[in-house]
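Single-letter residue listing:
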Amino acid sequence: MEKETIAIQNSTLSAIKTFLKTNLKGDYIYYNNPKSIKIVVPNALAEVVANFLESEKIIFQIRTPDFIMHKFRFIRNMSEIIIKK
């Protein structure tokens, strides 16, 4: 059973990466952490990503912090989409 779960996760990760590369063309930040995947996108694109994840039946959460810190810069108007592994 564990091997099936890992295979499903790997195919899901691949589908998410492909979607981001083809539809957002670099307008995102992708973190693959041990316990979750975090995708950071501009607020205007959060709905596009959410619709894709819902169509794939992937459970996720969306947060909209005041700012995110990336490469020692504070960036506003970004949404974090978190997918638990």
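Residues numbered from 1 in each chain as written. Predicted model: local features only at pLDDT ≥ 70, side-chain atom pairs only at ≥ 80, totals over all residues. Heavy atoms only, no water.

1. Regarding the nonpolar core
We count it as follows: Buried residues of nine kinds, namely Ala, Val, Leu, Ile, Met, Phe, Trp, Tyr and Cys, make up a nonpolar core once their side-chain atoms join them within 4.5 Å. Buried residues are those whose accessible area, probed at 1.4 Å on protein chains only, stays under 20% of the maximum for their type, while exposed residues exceed 50% and partly exposed ones sit between those limits. Helix numbering and strand numbering both begin at the N terminus, where a helix is a DSSP run of H or I of at least 4 residues and a strand a DSSP run of E of at least 2. Two residues qualify as a contact provided that any one of their heavy atoms is within 4.5 Å of a heavy atom in the partner residue.
In this structure, Ile 16, Ile 39, Val 49, Leu 53 and Ile 83 are the most contacted members of the largest nonpolar core, which totals 17 residues. Of all the secondary-structure elements, those providing two or more residues to this core are helix H1 (2-23), strand S2 (36-42), helix H2 (43-55) and strand S6 (78-84). No other element matches the five residues that H2 contributes to this core. Apart from the residues within four sequence positions on either side, Ile 16 is in contact with Tyr 30, Ile 39, Phe 52, Leu 53, Ile 58 and Ile 83. Counting residues in each nonpolar core, the second largest holds five residues, with Ile 29, Val 40, Ile 68 and Met 78 among its members.

2. Let's talk about the sheet that holds strand S1 (residues 29-32)
The cut-off we apply is this: A pair of strands counts as paired when DSSP detects no fewer than two bridges linking them. Structural elements are reduced to axes, namely lines fitted to C-alpha atoms, with helices fitted over the stretch in contact, and the angle between N-to-C directions of any two is expressed from 0 to 180 degrees.
In spatial order, the strands read S1-S2-S6-S3; together these four strands make up an open sheet with antiparallel pairing. Two strands bound the open sheet, and with one partner strand each, they are S1 and strand S3 (61-63). When strand polarity is set aside, the average angle formed by the axes of neighbouring strands in this sheet is 20 degrees. As paired strands, S2 and S6 are joined by seven bridges and run antiparallel to one another.

3. Here we look at the side chain of Ser 36
Summarising the element assignment, Ser 36 is placed in strand S2. Sequence-distant contacts of Ser 36, that is, excluding residues within four places in its chain, are made with Tyr 31, Ile 82, Ile 83, Lys 84 and Lys 85.

4. Description of the environment of Ala 15
Structurally, Ala 15 is set in helix H1. Looking at Ala 15, the relative accessible area reads 31%, which means it is partly exposed. Distance in space between the C-alpha atoms of Ala 15 and Glu 56 is 9.0 Å, their sequence separation being 41 residues.

5. What about the pattern of salt bridges?
As a reminder of what qualifies: Salt bridges are counted wherever a side-chain nitrogen of Lys or Arg sits within 4 Å of a carboxyl oxygen of Asp or Glu.
For the coordinates displayed, the defined rule picks out two salt bridges. Note that Lys 38 and Glu 80 form a salt bridge whose closest N and O atoms lie 3.7 Å from each other. Of this pair, Lys 38 sits in strand S2 while Glu 80 sits in strand S6; the two residues are 42 residues apart in sequence, bridging distant segments of the chain. The salt bridge partner of Glu 80 is Arg 63, with a shortest N-O separation of 3.2 Å. Of the two residues, Glu 80 is situated in strand S6 and Arg 63 in strand S3; the sequence distance between them amounts to 17 residues.

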